[in-house]
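# A look at the structure
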Amino acid sequence: MAVAKRRYCVLYALLAGSGLRVSEALGLELSRHLSADCSIIYVRQQRSKKGSGIVPYPKSDAGFRDVDLDPALASLVRNYIDSRKGGFLFETSGGLPMSSRNIMRDSLHPVLKKMGRETAGFHIFRRFRESILQMSEARTLLIDSWMGHANAEMSGRYGKQLLKNVQWRQGWAAKVGLGFPIPPEREPWMDKSGQVHAHEELARVPA
């Protein structure tokens, strides 16, 4: 566990608990890419690595996917969103998607340094989730779907039928779990404008 400021806590928890690429997470829009209860993430686009624009498709065809969240993680995301109705899940004060480069500079690398770890990128969270899934008894079909890996079985009739079964998918999301504790939910996360409060308390997140 590493210490991170609250404004990055939810992002790190989401990355480690979902396997999303950071560009996918930073491209999430509240009105389009989350289910009403935040239990499902709809990956349909990503933040551009250049500038602050949005690329209207993920990294690959397999990247178009629905990712089911553990109930505790879904609750954390709901609490973070609070009363906001639009905009990006992780946005700047100007309403733009946050920059992974800035987050790495301002938070991730300093946290890793404080932990005595080698400098690394956001792929550490994705690798962590992959390891948790591979240690579980979840079907490879489901793991590949959540992670955005190509799998020939997904295009078959049987595979499609399974992946359309939301109750089955979410049951496995809860059964697999996260592999780390969710930080305590404290109110309020944000003010009424949807911006993070200036006093950013410390919370523990996986790294």
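Refer to the structure above for everything that follows.
Below is a short write-up of the structure. (Residues numbered from 1 in each chain as written. Predicted model: local features only at pLDDT ≥ 70, side-chain atom pairs only at ≥ 80, totals over all residues. Heavy atoms only, no water.)

## Quick notes on the pattern of salt bridges
Side chains that differ in charge, positive against negative, can pair when their charged atoms come close. As a reminder, the rule being used: Put simply, a salt bridge is a Lys or Arg side-chain nitrogen that is within 4 Å of an Asp or Glu carboxyl oxygen. A run of DSSP states H or I qualifies as a helix once it reaches four residues; a run of E qualifies as a strand once it reaches two. Both are numbered from the N-terminal end. Each residue is placed in one exposure class: buried if its accessible area under a 1.4 Å probe, protein chains only, is under 20% of its type's maximum, exposed if it is over 50%, and partly exposed if it falls in between.
In this structure the tally under the stated criterion is eight salt bridges. Note that Asp66 is salt-bridged to Arg44, the shortest N-O span being 2.8 Å. With Asp66 in strand 5 (residues 65-68) and Arg44 in the loop between strand 2 (40-43) and strand 3 (46-47), the pair connects residues that are 22 residues apart, well separated along the chain. Taking the relative accessible area as the measure of exposure, Asp66 reaches 23% and is therefore partly exposed. On the basis of relative accessible area, Arg44 is assigned to the partly exposed category, the value being 32%. Between Asp106 and Arg105 there is a salt bridge; the shortest N-O distance is 2.8 Å. Take Asp106: its relative accessible area is 43%, and that puts it in the partly exposed class. Several salt bridges converge on common partners, so that one network encompasses Arg21, Glu24 and Arg65.

## Things to note about the layout of surface pockets
Counted only if it meets this: Any residue with an atom within 4 Å of a point lines the site, the site being either a cavity, points on a 1 Å grid over the protein atoms alone where a 1.4 Å probe fits but cannot get out, or a pocket, an open set with protein on both sides within 12 Å along at least 5 of 7 lines. Grid points are joined across faces, edges and corners, and a volume is the space filled by probe spheres set on the points. Note on residue categories: nonpolar means Ala, Val, Leu, Ile, Met, Phe, Trp, Tyr, Cys or Pro, charged means Asp, Glu, Lys or Arg, and polar means any other residue, Gly included.
Volume-wise, the largest pocket comes out at about 550 Å³. Only helix 2 (22-26), strand 3, helix 4 (100-115) and helix 5 (123-135) provide two or more residues apiece to the lining of the largest pocket. When its residues are assigned to classes, the lining of the largest pocket shows six nonpolar, seven polar and six charged. Lining the second largest pocket are 13 residues; nearest its centre among them are Phe64, Ser145, Met154, Lys160 and Leu163. Elements with a minimum of two residues in the lining of the second largest pocket: strand 5 and helix 7 (157-163). Taken together, the residues of the lining of the second largest pocket sort by class into four nonpolar, three polar and six charged.

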